[in-house]
Amino acid sequence: MSLLAVRNITKTYGSGRTQVTALEDVSFELDRGKLLAVLGPSGSGKTTLLSIVAGLLRPTAGEILIDDEPVHLHGSRAAAAFRREHVGIVFQDHHLVPYLSAAENLLLVPHFSGRITREDRERALALLAEFGLAERASHTPAELSGGERQRVAIARALMNSPEIMLVDEPTSNLDTERGKHVVDLLRSHIHGRDMTCIMVTHDARMAEAADDVLRIVDGRVAADLPA
Amino acid sequence: MLAIKELLGGKLKFGLIALAIGLVVALTMLMSAMSEGLITGMTGAKGSLAADALVFQGDTYLALERSVLSAEALEEVASAPGVASSYAVGHVIVSVDSSAEEFDARVFGLGDRFDQLPIVEGTTAAPGPGEAIIDITAKANGVEIGDTLHLTPADAELTVVAFTEHRRYVMAPAIYTDMATWERLYLASALGTMAEGEGVSATAMGEAAERITGGASIVAVDLAPGTTVESLQAELGGGFEVTTPEEAALAGNGMPVMILAVDGIQVVSLVIGALVIGVFFYITTLHKTGQIAAIKALGASNAYVYRQLLLQITILVTAAAGVGVALALGAGGSMPPTMAFDPQVGRWLVSLAAVYAMAYLGSLFSLRSILKIDPATALDHSGH
Ligand SMILES: Nc1ncnc2c1ncn2[C@@H]1O[C@H](COP(=O)(O)OP(=O)(O)O)[C@@H](O)[C@H]1O
Ligand SMILES: [Mg+2]
């Protein structure tokens, strides 16, 4: 049984003459412990796909099952609660809170879902150490390099031990070497864990490090298109 | 947690805005103290007269300067039904030219009711003929206990036996004497002025003198139970004007206009304060829509985000209130005692409450934009 099932997702923005079809009949499944790269050029619908899986956008048609839960049926409150519990998101713009240290940015996650415990603090430091940031725990984002910021953002997305990790263009602001390093760290975290990860990228070299690659072009899965 | 960390992370930005709000608070406080000071300075001696009602001559618009009541009129008021007790109050404008600095003063003849004056220095005995109790602000003009004041145009002398306080009228210190002394001063100054006019006959002057002998400017009365200002007015008829000391104080000398102006400045400064806070936080909120979208996507509720904003506003306004009160007290402390500055804890608390209320009102701008921020936009790099 796969952890994530995306079935016949279609998403259109707007209506009438300004209507844009961002995704059309997209389907795939993803198993536990796997890192899937979604590869496609800019404007192909990658971010739209992540937003739908995250429950931040509702698909126009189709369904999303996470551990058999039909998340596309959630209202915005249920979606937010589901996200807090089961989903980790890494934004393309990292969106670290600028006046908080790296560790405090991680602790935002338990803060929003209740109280910060001692275990939370220990977990935050352990995750930062895993991503090579042990020495950077008390630095603010401005005091970190681009790669370090991206790794803090990944560590933050892992704070709630999500089943589904969604990562948008993690390497767009990094050179190839640093980008690959970030993807390797991400993959080794996922392997052997009861979770899965979708990483969106427009860079084929980054996709190489993933377990599977899903190509999308103009909102369609490329494998479904005639060659 | 976020709110306080953000304040600490932007000390300069938030410090400057707290200072700006602090200046607005200081302005509000100063205006409130000055309007209070203006009222006591302009009307203290009038409004503080111990009485249920003051009876003026008819059609004088509650002006002490114009009202004249003859001995018969005083008797008519004293014996009117509903009047429990009464005493005569005389008023006359003089100048004092004997002290280091010449100054205007208002002489009040005060029946036999000197016990109503708070004595801050000197004897507590009622002043005898030729003696005077004077408002403490005259000290700024060099007046001391035991001084002999020379008054013009009456060309009379008074000996200062005590100082009282909060007894000024039209910003001039009040000088309290017994009625006989007041009458002498009144006649001397009224007749002195008449004598200077050409073609005023000795008979006319004699008639004027006769009219005032045993009279007063107004009469202060205590009402018997069941009698009201209105019923006494009806009883006495159009020859008299009856009102409370408080209302008399606020009538005339442009007081309504002045109070309106000072209160208007207070209201305007409150509105400016609310706008400053409201716009500042609105702009900061707009400035960090991406960040707010992200923390919403991470699970923060609208209520959480708005609570953080309210916490920041509360901290900032509290800091600003501290700055503002300190500035207002500093400014007030460096004012000469004759300046109208009379801080009142109650009014300041009301003004501060108004500042908080306006600040929270201003935060509603931001609430609207917080509610509108879609967490989905956190993922959207292209800014759709
Ligand atoms: N909120 C939106 N409103 C209208 N059109 C949108 C919106 N978001 C994305 N689009 C359009 O949908 C298409 C896919 O966008 P997106 O998912 O952001 O692509 P990618 O992440 O692959 O660059 C693009 O044509 C984009 O212009
Ligand atoms: Mg994108």
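Residues numbered from 1 in each chain as written. Chains lettered and ligands numbered in written order. Predicted model: local features only at pLDDT ≥ 70, side-chain atom pairs only at ≥ 80, totals over all residues. Heavy atoms only, no water.

A. Main features of the overall build of chain B. On a plain count of helices and strands, chain B comes out with eleven helices and eleven strands. Against the compact-globule benchmark of 21 Å for 384 residues, chain B has a radius of gyration of 30 Å, which places it well outside the compact range. Scored against the burial criterion, the 384 residues of chain B give a buried share of 49%. For chain B, the separation between the mean place of its 18 positive charges and that of its 38 negative charges on side chains is 24 Å. (Helix = DSSP H or I, 4+ residues; strand = E, 2+ residues; numbered from the N terminus. Rg over C-alpha atoms; globule rule 2.2 N^0.38 Å. Buried < 20%, exposed > 50% of the residue type's maximum accessible area, 1.4 Å probe, protein only. Lys, Arg positive; Asp, Glu negative; His and termini not counted. Charge placed at Lys NZ, Arg CZ, Asp CG, Glu CD.)

B. Region of the structure containing the environment of B:P225. The topology assignment puts B:P225 in the loop between β10 (218–223) and α6 (229–236). Distance from B:P225 to B:D59, taken between C-alpha atoms, is 27 Å for residues 166 residues apart in sequence.

C. Highlighting the site of ligand 1. All names here are of chain A. Close contacts around ligand 1 come from twelve residues, with G43, G45, K46, T47 and T48 the closest. Between ligand 1 and the protein, one listed contact pairs an oxygen atom with a side-chain N or O atom of K46 at 2.9 Å. A distance of 2.5 Å is found between an oxygen atom of ligand 1 and a side-chain nitrogen or oxygen belonging to T48. Broken down by element, the residue count for the shell around ligand 1 peaks at three residues, all from helix α1 (residues 46–53). Residues that form the shell around ligand 1 fall into these classes: four nonpolar, seven polar and one charged. (Near = heavy atom within 4 Å. Polar contact = N/O pair within 3.5 Å; in protein donor to acceptor, adjacent residues only side chain to side chain. Nonpolar A, V, L, I, M, F, W, Y, C, P; charged D, E, K, R; others polar.)

D. Expanded view of the sheet that holds strand β8 (residues 196–201) of chain A. All names here are of chain A. If you walk across this open sheet you meet the six strands as β6-β7-β8-β3-β9-β10, and the pairing is mixed. For this open sheet the edge positions go to β6 (87–90) and β10 (220–221), each flanked by a neighbour on one side alone. Pairing analysis gives four bridges linking strand β3 (residues 35–39) to strand β9 (residues 212–217), with the strands arranged parallel. Following the sheet pairing, V38 is matched in β9 by L214. Most of the contacts of helix α5 (residues 146–158) go to β6, to which it runs at about 170°, and overall it touches β6 and β7 (164–168). (Pairing = 2+ DSSP bridges. Contact = heavy atoms within 4.5 Å. Axes fitted to C-alpha atoms, helices over the stretch in contact; angles between N-to-C directions.)

E. Summary view of the side chain of A:E169. Residue and element names in this part refer to chain A. Locating E169 in the fold gives a position in the loop between β7 and α6 (176–190). Given the relative accessible area of 7%, E169 is considered buried. In this structure the side chain of E169 is engaged in a polar contact, spanning 2.8 Å, whose partner is the side chain of H202. Look past the residues within four positions of E169 in its chain and what remains in contact with it is K46, Q92, V200, T201 and H202.

F. Molecular detail of the environment of B:A180. Residue and element names in this part refer to chain B. Tracing the backbone through its elements, the reader meets A180 in helix α4 (residues 179–196). For A180, a relative accessible area of 55% gives the class exposed. On a C-alpha basis, the gap between A180 and G214 in space is 8.3 Å, while along the polypeptide they are 34 residues apart.

G. Quick look at the pairing of strand β6 (residues 148–152) of chain B. Residues and elements named next belong to chain B. As judged from the two bridges shared by strand β2 (residues 83–96) and β6, these two strands associate in the antiparallel manner. Each bridged residue has a counterpart across the sheet, and for V96 the counterpart in β6 is L151. Bridge analysis of β6 against strand β7 (residues 156–164) gives four bridges, and the strand direction is antiparallel. Considered in β7, the bridge of L151 is made with A156. The hairpin formed by β6 and β7 contains three residues between the paired strands, and D155 there has a positive phi angle of roughly 55°.

H. Geometry of the packing of aromatic side chains. All names here are of chain B. Inspection of the entire model under this criterion finds eight aromatic pairs over all chains. Judged by centre distance (6.1 Å) and plane angle (80°), the ring pair of F108 and Y169 falls under edge-to-face. A residue pair is termed long-range when its members are at least 10 positions apart, and F108 in strand β3 (residues 103–110) and Y169 in strand β8 (residues 168–169) qualify at 61 residues. Residues F108 and Y169 agree in their burial class; the two are buried. (Phe/Tyr/Trp six-rings, centres within 6.5 Å; stacked < 30°, edge-to-face > 60°.)

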